[in-house]
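Each chain is listed here by its residues.
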Amino acid sequence: MSYMRKPKIVHPGLKKNALGLTRRDYEGAMSTLCAGCGHDSITAGIIQACFELSVEPHRVAKVSGIGCSSKTPAYFLSASHGFNAVHGRMPAVATGANAANPDLYYIGVSGDGDSLSIGLGQFCHAMRRNLDMLYIIENNGVYGLTKGQFSASADVGTKAKKGETNEQPPIDPVLTALALGSTFVARSFSGDKEQLVPLIKAGLKHKGFALIDVLSPCVTFNDHEDSTKSYAFTRQHYHPALEADFVQPADEIMADYDAGAAIEIDLHDGSRIMLRKTAPDYDAQNRGLAFAYIKDKLRLGEYLTGLLFVDEDGRDMHAVNQTVSQPLNSLDWDAVCPGSSAMPGILSRYS
Amino acid sequence: MSKPQAAERINDFVIKLANVNGTGSASANSLLMKSIFRMGVPVVGKNFFPSNIQGLPTWYEIRLSRDGHISRSGDVDIMVAMNAETYGRDLAEVSPGGVLIYDSTWPRSQELIREDVTILGMPLAKMCNENFDGVRGRILMKNVAYVGALVALLNIELDIIKDLLSETFSSKPRLAEANMKAIQLGYDYALEHFQCPLPLRVSRMDKTAGHIMIDGNSAAALGCLYAGATVGAWYPITPSTSLMDAFRTFCDQYRTDEETGERRFCVVQAEDELAAIGMVLGANWMGARAFTPTSGPGVSLMSEFIGYGYYAEVPAVIFDVQRVGPSTGMPTRTQQCDILLAAYCSHGDTRHPVLFPADPHECFEMAVKAFDLAERLQTPVFVLSDLDIGMNDWMCPKLEWDDAYRWDRGKVLGREELEKMDHFWRYHDADGDGIPYRTLPGVHPRGAYFTRGSGHNARGAYTEDSDEYREVMDRLTRKFATAAELVPGPVTIGNGRSDAAVLSVGSCDGAVREALSILSAEGVNLSYMRVRAFPFSAEVQAFLDRHERVFVVEQNRDAQLRTLLIAETRVDPGKLVPVLHYDGLPIGSDCVVGAIREAMATGAAA
């Protein structure tokens, strides 16, 4: 746990991005989470991704629900507007906000309790609408703020700190997302920044709903020996299926990819995702096969990670609605009010 | 026929049509009502329908009132009994000297016998079976045929019916033809077999010029269109559904680019009411005007987010088209049972501005006002309509629009203003009116803050500090006092005696006004105040102070408006006499007259 705010001194040698901003311009308030909490690593990943993408901080809208994870939007991008909603209802707020202004980057941060229990319905319907947002679940299998109850993502057989064994099957966010038509589905681990940061970048740039389920151990209530969401267990059981590199429009592809092993996916703004397969028989562009493969591995106790599915051709909420390209919140009075001249025509059907 | 003949009554009687729901009777009945309206005769229609798709009893009541009364009178003069299942009670409802029309295709039921009612039989099913093909068509046309008979019996001009049919079916001329054929069948049969016209009949007047027949939900939707609402989120619920349907219809015409099909609006059908209100808050947070139409059960589900909107100070407009509670209650019946729910919705200390329209005209005006208030006050605002206003067709003055009007977006800091500021404190009361300044996402980094439902201080930062918490809560109290000055004031009529007066709300208005004119004819002149909003303005307190006794007329069991007056004014509760109507049907003047007569008599004796 941090107990002292870092002084805001910008070292002259600190690296600047295309906007002339340093990494520190993307930080937020001091975290109040427990020392060693996986969530803080994800916060750091978001900061790094936004810095490296040169995103204008005030063009980001941060949304969250209730829980430890949902506190974290206060800890990054202090120059962004944030909306800390009620428990499990962040997707609705994001939907309304996006309906009014789709031109911002939307970063939703949620937890396994927030998304898979109280907010499961809203989580599902946001995916069904293919809402254009990055949706991160900081998944630790446990309720932290209320001191250690199992969440809906707790595995069968995992033990609570006080000894109780979970016997109910988990709801897996990745399988749920694949079943409901999410157009970008990823899983990662808070302890693997190399994997996580490119995923966050790709998710931000993806046009449509981008889910990243991040296994993020709770050091206080779920990091003990018989837990399946501990650091040790996660490290042992997670298997990258695909490594994703994110390539900005202006950048050259520098890495050396073996022919046939890499898949290039073009994003709407001209950037690209380069997928490198580590599991040769995995297909991240076939929803059905991806689902079956991930489920098989889960049965063996293995968490497959990386960008597990992506479809850049999905139509988002506005495409389906045929909304005008200018954000609705910036339309002029004349564009929305038909004026007195229209009234006789309207009233003719009532006389 | 040697039945007792009713005395001649022109333009002042009630027609009730007893049907089976799902048979298309609603459109036939509204055709009948509209034809009377076009004869210049003030008319009002009330639809009493079941919470069901097909097969259950449904009634439509049309009152013609040459004096312009708009509430139910409590009488039925002509009954069209098309549902054998309800013959008994339909006949019993007819006033002595009245008329009942039934389908005589089958032998007359033993139930349909009453000496003081003229009973007219016509073989509607037989006529339609001989003239139309298809089961569905025959059922539909039976309804149109009885309208034809009524046209002859009531002396309605046939040309008006022809015009209405050709307007309604302008794109389907064959349907217009079929409907006209059915009208003619009924019309000719009535002329040939009955004494036409009846002593109860219609005669041309000029009292509907400048008026329209419109339902409150359509009028409220039109208000949303004109107020510039761009985001609507909702979950279907009777009786509010037609509000969003109408909004979409208006937007398809007036907010859709003819060439590209691009829409300057976004309507989201949410997964439930919890999501609907969340979307409304999200869109308003982003600076769009957004609203949700719902009814009592929906408001119950929304209550957590509504408290959030109050505390985090996010605008929202909520239309609660009230229906009968508690719980699922009677979804297709009317009541004013959400007054307290709306005023104090959500846990913790919360209070919300509530507007009370009395008719569709006010639904339109108050919809526009609600958006202005929500953005000015940065808080959720309720428009508390009800099923009677929302779903029935009311005669009201034509809606007008003043092109000089501009929306009030409230205290929003833009890019230039933020550029000049050293800091931005979201919940700081700079002007002393309790209303802080807000910023919209995406405009300027200096405007950024964290909107939260957890404890926060004047700067917008998280707090668990007692003094900081209280500072914000006390400012919200001041803001509510400001709201009392901004909401629509009450309407007061008459300068009656000081010992007693009447106070009412919303759709009780017509019944109260008619009751007052009846009482006035008896020498009892009472002043009347209709409150139009909560918080109550100073005029409400003054009115209560001026009178020794105030009859509070409302449509719920628990006297919710009276409770709110006791809680929010300095009135002596003993002064407020409840007059309550809560059977689910719209209140009639008879209920008000009866209650006041009785109370005045006992009051005089005491």
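Rules used throughout
Along each chain, residue indices are assigned from 1 in the same order as the chain's sequence is written. Each chain takes a letter, starting from A, and each ligand takes a number, starting from 1, following the order in which they are written. For a predicted model such as this one, the threshold for reporting local features is a pLDDT of at least 70, and the threshold for listing and counting side-chain atom pairs is 80 or more; totals across whole chains, interfaces and linings nevertheless cover every residue. Only DSSP runs of H or I covering at least 4 residues are called helices, and only runs of E covering at least 2 are called strands; the numbering of each starts at the N terminus. Each radius of gyration reported is based on C-alpha atoms, and the globular scaling rule is 2.2 Å times the count of residues to the power 0.38. Burial is judged by counting other C-beta atoms within 10 Å of a residue's own C-beta: 20 or more means buried, 12 or fewer means exposed, and anything between counts as partly exposed, with every C-beta placed from the backbone. Two residues form a contact once the distance between their C-beta atoms, set from the backbone, is within 7 Å. For two strands to be treated as a pair, DSSP must find no fewer than two bridges joining them. Only the stretch in contact is used when a helix axis is fitted, and all axes are lines through C-alpha atoms; the angle between N-to-C directions ranges over 0 to 180 degrees. Each nonpolar core reported here comprises buried Ala, Val, Leu, Ile, Met, Phe, Trp, Tyr and Cys residues connected via C-beta atoms within 7 Å. Delimitation of the domains relies on an automatic or database domain assignment. For this scheme, ten residues count as nonpolar: Ala, Val, Leu, Ile, Met, Phe, Trp, Tyr, Cys and Pro. Four count as charged, namely Asp, Glu, Lys and Arg, and the remainder, Gly too, count as polar. Taken from the helix axis, the directions to the C-beta atoms give the arc we talk about. Each residue carries a pLDDT score, the predictor's confidence in it, ranging from 0 to 100. Roughly parallel means an angle under 35 degrees; roughly antiparallel means over 145; roughly perpendicular covers 65 to 115; every other angle is labelled oblique. Handedness of a crossing follows from how the near helix is turned relative to the far one, being left-handed for an anticlockwise turn of less than a right angle and right-handed for a clockwise one.

*Asks:* How should the overall build of chain A be read in this particular structure?
*Replies:* Across its full length, chain A carries twelve helices and twelve strands. On C-alpha atoms alone, chain A measures out to a radius of gyration of 21 Å, which is about the 20 Å that the 2.2 N^0.38 rule sets for 351 residues. Overall, chain A is about 75 × 55 × 50 Å in size when its C-alpha atoms are taken along their principal axes. Within chain A, the fraction of its 351 residues that count as buried is 52%. In chain A, once contacts between residues fewer than 6 apart in sequence are set aside, the share between residues at least 24 apart is 72%.

*Asks:* I keep staring at the overall build of chain B and nothing clicks. Help me out?
*Replies:* From N to C terminus, chain B includes 19 helices and 25 strands. In terms of C-alpha radius of gyration, chain B reaches 27 Å, essentially the compact-globule figure of 25 Å for 606 residues. Considered along the principal axes of its C-alpha atoms, chain B spans approximately 90 × 70 × 40 Å. Buried residues in chain B amount to 54% of all 606 residues. Considering only residue pairs separated by 6 or more positions, chain B has 75% of its internal contacts joining residues 24 or more positions apart.

*Asks:* Teacher, can you tell me more about the sheet that holds strand S13 (residues 316-322) of chain B here?
*Replies:* In sheet architecture, strand pairing relies on hydrogen bonds along the backbone and comes in two forms, parallel and antiparallel. All names here are of chain B. Reading across from one edge, S11-S10-S12-S13-S15-S14-S23 is the order of the seven strands in this open sheet, with mixed pairing throughout. Strands at the two margins of the open sheet, each flanked by one partner only, are strand S11 (266-269) and strand S23 (533-534). In the packing of helix H9 (residues 273-285) onto the sheet, the strands contacted are strand S10 (231-234), S11, strand S12 (290-294) and S13, and the crossing angle to S12 comes to about 160 degrees.

*Asks:* Honestly, the nonpolar core in this entry has me stumped. Any pointers?
*Replies:* Among the nonpolar cores identified, the biggest contains 272 residues, and A:Leu307, A:Leu308 and B:Leu355 are the most heavily contacted of them. For this core, the element with the highest residue contribution is helix H4 (residues 135-154) of chain B, accounting for twelve residues. Core analysis: the next-biggest nonpolar cluster, separate from the first, contains six residues, A:Val142, A:Phe150, A:Ala154 and A:Phe221 among them.

*Asks:* Mind showing me how you'd approach the domain arrangement of chain B here?
*Replies:* Interface size is commonly expressed as the accessible surface area that is lost when the partners come together. Domain annotation of chain B identifies domain 1 (9-209), domain 2 (218-397), domain 3 (412-486) and domain 4 (491-605). Looking at the side of domain 1 of chain B that touches domain 4 of chain B, its residues break down into two nonpolar, four polar and two charged.

*Asks:* Could you clarify how one ought to interpret the interface of chain A and chain B in this entry?
*Replies:* With 49 residues of chain A in contact, the opposing surface of chain B contributes 53 residues. With eight residues, helix H3 (residues 90-100) of chain A is the largest single contributor of residues to the side of chain A that touches chain B. Pairing between strand S2 (residues 81-84) of chain A and strand S19 (residues 450-452) of chain B: three bridges, direction parallel. Across the sheet, A:Phe83 pairs through a bridge with B:Thr451, a residue of S19(B).

*Asks:* Quick question: what am I supposed to make of helix H17 (residues 538-546) of chain B here?
*Replies:* Three- or four-residue spacings in an α-helix give side chains the same orientation, since the helix completes a turn every 3.6 residues. Residue and element names in this part refer to chain B. The set of residues buried in H17 consists of Val540, Phe543 and Leu544. Here the buried residues of H17 occupy an arc of 95 degrees about the axis, which is enough to place them on one side. Structural note: H17 exposes Ala538, Asp545 and Arg546 on the side pointing more than 90 degrees away from its buried face. Its buried side turned inward, H17 meets strand S20 (491-493), strand S21 (500-505), strand S22 (527-531) and strand S24 (549-554).

*Asks:* What's the story with the sheet that holds S24(B) in this structure? I'm lost.
*Replies:* All names here are of chain B. The strand order S20-S22-S21-S24-S25 describes an open sheet built from five strands, whose pairing is mixed. Lying at the two open borders of the sheet, with one neighbouring strand each, are S20 and strand S25 (576-580). Taken pair by pair, the neighbouring strands of this sheet meet at an average axis angle of 20 degrees, ignoring direction. In this sheet, S22 lies alongside S21 in parallel orientation, the contact comprising five bridges. When the sheet's bridge partners are listed, Leu503 is paired in S22 with Met529. Relative to S21, helix H16 (residues 509-521) is tilted by about 160 degrees, and along the sheet it contacts S21, S22 and S24. Where helix H18 (residues 560-568) meets the sheet, it contacts S21, S24 and S25, and its direction lies at approximately 135 degrees from that of S24.

*Asks:* I would appreciate a short explanation of the confidence of the model for chain B in the present structure.
*Replies:* If pLDDT is low for a region, its predicted coordinates should not be looked at in detail. Here chain B averages 95 in pLDDT, and 98% of its residues register 70 or above. Under the prediction, the complex receives an ipTM of 0.94, its pTM being 0.95.

*Asks:* I tried to follow the environment of B:Val524 on my own but got confused; where do I start?
*Replies:* All names here are of chain B. For Val524, the location among the structural elements is in the loop between H16 and S22. Judged by C-beta crowding, with 16 C-beta atoms within 10 Å, Val524 ranks as partly exposed. Between the C-alpha atom of Val524 and that of Glu262, which follows or precedes it by 262 residues, the distance is 60 Å. Apart from residues no more than four positions distant in its own chain, Val524 is found in contact with Leu519 and Met600.

*Asks:* Explain the environment of B:Leu91 here, please?
*Replies:* Residue and element names in this part refer to chain B. Mapped onto the secondary structure, Leu91 falls in helix H2 (residues 87-93). Judged by the 21 C-beta atoms lying within 10 Å of it, Leu91 falls in the buried class. For Leu91 and Val80, which are eleven residues apart along the polypeptide, the C-alpha to C-alpha distance reads 9.5 Å. Beyond its immediate sequence surroundings of up to four residues, Leu91 is in contact with Ala81, Leu100, Glu111, Leu112, Arg114 and Val117.

*Asks:* Whenever I open this one, the packing of helix H7 (residues 216-227) of chain B against helix H8 (residues 241-254) of chain B confuses me. Can you help?
*Replies:* Helix-helix packing is characterised by the crossing angle of the two axes and by the distance between the axes. Residues and elements named next belong to chain B. The N-to-C vectors of H7 and H8 enclose an angle of 45 degrees; their axes lie 8 Å apart at closest approach. Judged by the inter-axis angle, H7 sits oblique to H8. Both H7 and H8 take part in a crossing whose hand is right-handed. Together, Asn217, Ser218, Ala220, Ala221, Leu222, Cys224 and Leu225 of H7 and Ser242, Leu243, Ala246, Phe247, Phe250, Cys251 and Tyr254 of H8 make up the contact between the two elements. Residue classes in the contact of H7 with H8 are distributed as eleven nonpolar, three polar and no charged.

*Asks:* For this particular structure, what's the right way to read unusual backbone geometry?
*Replies:* Glycine aside, residues mostly have negative phi angles, and peptide bonds mostly take the trans form. The omega angle of the peptide bond from B:Thr238 to B:Pro239 is 5 degrees, so this bond is cis rather than trans. Examined against the element boundaries, B:Pro239 turns out to sit in the loop between S10 and H8. Omega for the peptide link from B:Gly325 to B:Pro326 comes to -5 degrees, which places this bond in the cis form. The topology assignment puts B:Pro326 in the loop between S13 and helix H11 (339-343). Although it is not a glycine, A:Leu77 sits at a positive phi angle of roughly 45 degrees. Counting through the fold element by element, A:Leu77 comes out in the loop between helix H2 (68-71) and S2. We classify A:Leu77 as buried; it has 28 C-beta atoms within 10 Å. One non-glycine residue with positive phi stands out, namely B:Asn11, at about 55 degrees. With respect to the secondary-structure elements, B:Asn11 resides in the loop between strand S1 (9-10) and strand S2 (12-20).

*Asks:* Explanation requested: the environment of B:Leu225 in the structure shown.
*Replies:* Counting through the fold element by element, B:Leu225 comes out in helix H7. Under the C-beta neighbour-count criterion, B:Leu225 is labelled buried, with 26 such atoms within 10 Å. Once the C-alpha coordinates of B:Leu225 and B:Phe247 are considered, the two residues, 22 residues apart in sequence, prove to be 6.8 Å apart. Dropping the residues within four chain positions of it, B:Leu225 is found in contact with A:Pro338, B:Phe247, B:Phe250, B:Cys251 and B:Tyr254.

*Asks:* Looking at this structure, how should I read the packing of helix H5 (residues 158-168) of chain B against helix H6 (residues 173-193) of chain B?
*Replies:* All names here are of chain B. As a packed pair, H5 and H6 sit with axes 9 Å apart at the nearest point and diverge in direction by 155 degrees. Compared by their axis directions, H5 and H6 come out roughly antiparallel. The handedness of the crossing between H5 and H6 comes out as right-handed. Residues Leu158, Ile161, Lys162, Leu165 and Ser166 of H5 form the contact with H6, whose participating residues are Ala176, Asn179, Met180, Ile183 and Tyr187. When the residues that make up the contact of H5 with H6 are grouped by side-chain class, the tally is seven nonpolar, two polar and one charged.

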